[in-house]
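# Descriptive analysis of the structure
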Amino acid sequence: MPGRIDGQDIAIWRGASGQVHAWGDRCPHRGMRLSHGFVRGETLACIYHGWQYDADGGCDHIPAHPNLVPPKTICATTYSCAESDDVIWVALRPTDEKCPSLAGLRGVRSLTIDAAAEQVASHFGQAVNAILRLGTADNITLALQPMDADHCTAHALSDARADRTDVSRWLEHQRRVIEGQPA
Ligand code: FES
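Residues numbered from 1 in each chain as written. Predicted model: local features only at pLDDT ≥ 70, side-chain atom pairs only at ≥ 80, totals over all residues. Heavy atoms only, no water.

### Here's the deal with the state of the cysteines
- Under the defined criterion, the tally for this structure stands at 0 disulfides.
- Looking at the unpaired Cys99, the closest cysteine sulfur is the one in Cys81, lying at 9.4 Å.
- For Cys99, a relative accessible area of 29% corresponds to the partly exposed category.
- The thiol sulfur of Cys152 is not disulfide-bonded, and the nearest other cysteine sulfur, from Cys99, lies at 20 Å. (Disulfide = S-S within 2.5 Å. Buried < 20%, exposed > 50% of the residue type's maximum accessible area, 1.4 Å probe, protein only.)

### Looking at the domain arrangement of the protein
- Taken domain by domain, the protein holds domain 1 (2–91) and domain 2 (105–179).
- Summarising the inter-unit geometry, the C-alpha centres of domain 1 and domain 2 are found 29 Å apart.
- With 6 residues of domain 1 in contact, the opposing surface of domain 2 contributes 7 residues.
- For the pair domain 1 and domain 2, the summed buried surface comes to about 580 Å²; carbon and sulfur atoms form 56% of the total.
- Broken down residue by residue, the surface that domain 1 buries against domain 2 is led by Arg4, Asp6 and Trp89, which jointly contribute 61%.
- Our count for the contact surface shared by domain 1 and domain 2 stands at 1 salt bridge.
- Measuring nitrogen to oxygen at the nearest pair gives 3.9 Å for the salt bridge that ties Asp148 to Arg4.
- Run the count over domain 1 and domain 2 and you get 4 residue pairs in polar contact (both at pLDDT 80 or more).
- When residues of the side of domain 1 that touches domain 2 are traced back to their parent elements, those giving at least two are β1 (2–5) and β9 (87–91). (Domains from an automatic or database assignment. Contact = heavy atoms within 4.5 Å. Buried area = accessible area lost by both parts, 1.4 Å probe. Salt bridge = Lys/Arg side-chain N within 4 Å of Asp/Glu carboxyl O. Polar contact = N/O pair within 3.5 Å; in protein donor to acceptor, adjacent residues only side chain to side chain. Helix = DSSP H or I, 4+ residues; strand = E, 2+ residues; numbered from the N terminus.)

### Details of unusual backbone geometry
- One non-glycine residue, Asp6, lies in positive phi territory at about 50 degrees.
- Within the secondary structure, Asp6 sits in the loop between β1 and β2 (8–14).
- A positive phi angle is found at Asn139, which is not glycine, with a value near 60 degrees.
- Here Asn139 shows up in the loop between β11 (131–133) and β12 (141–148).

### Considerations on the sheet that holds β2
- Ordered by their spatial adjacency, 5 strands build an open sheet running β1-β2-β3-β8-β9, and the pairing between neighbours is antiparallel. Of all the strands in the sheet, just β1 and β9 have a single pairing partner and so form its edges. Between one strand and the next, the sheet's axes are offset by a mean angle of 30 degrees, whatever the strand orientation.
- Across 4 bridges, β1 lies against β2 in antiparallel orientation. Its bridge partner being in β2, Gly3 is matched across the sheet by Ile10. (Pairing = 2+ DSSP bridges. Axes fitted to C-alpha atoms, helices over the stretch in contact; angles between N-to-C directions.)

### A few points about the environment of Arg133
- Position of Arg133 relative to the elements: it lies in strand β11.
- Setting aside anything within four residues of it in sequence, one finds Arg133 in contact with Ser101, Leu102, Leu105, Gln126, Ile140 and Thr141.
- Engagement of the side chain of Arg133 in a polar contact is seen with the backbone oxygen of Ser101, the distance being 2.8 Å.

### Some thoughts on the pairing of β9
- Taking every second residue as pointing to the same face, the buried face of β9 carries Val87, Trp89 and Ala91, while none of Ile88 and Val90 on the other face is buried.
- Summarising the sheet, strand β8 (residues 78–84) and β9 pair through 5 bridges and their orientation is antiparallel. Residue pairing across strands places Ser84 opposite Val87, the latter belonging to β9.
- In sequence, β8 turns back onto β9 through a hairpin of 2 residues, with Asp85 there showing a positive phi of about 50 degrees.

Rendered as structure tokens:
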């Protein structure tokens, strides 16, 4: 899956064991997006020339040179990531921060908004924060992911009993309001 955080394109993938990885979305060979690639077991292969990268990001196979052991310098950019309460968290820089607890909530929908994360937070009367707890009856919570200066993605979670369609419609409505579209 492609992702974008603070202007950085990310390829997020899950190996056969279930382990999640977040890498820079650029193949070290000729720059193809790794998010277009395909997962084989615990490796990610680039769709262009098939260079294959192991779970640590190192290239372990070059189809055009099957007998070559690729040098260790050929390596995808890797980032720390963790999965907690059904949300995948990616850190572009080293951090000791723990993932916020979202226990009891379930993911409903992710929506890109044409507005900075600060603008979305301020729309809900909150300071910008990775997590906006909105205090609604359905316990709607938004995990805000800044994409760049003018866009962010809002990942909506809610109580497991909430109607997913209602929460999804609510989020669409909020997006239209924030973007200044007719509601
Ligand atoms: S660009 Fe990825 S293998 Fe060539």
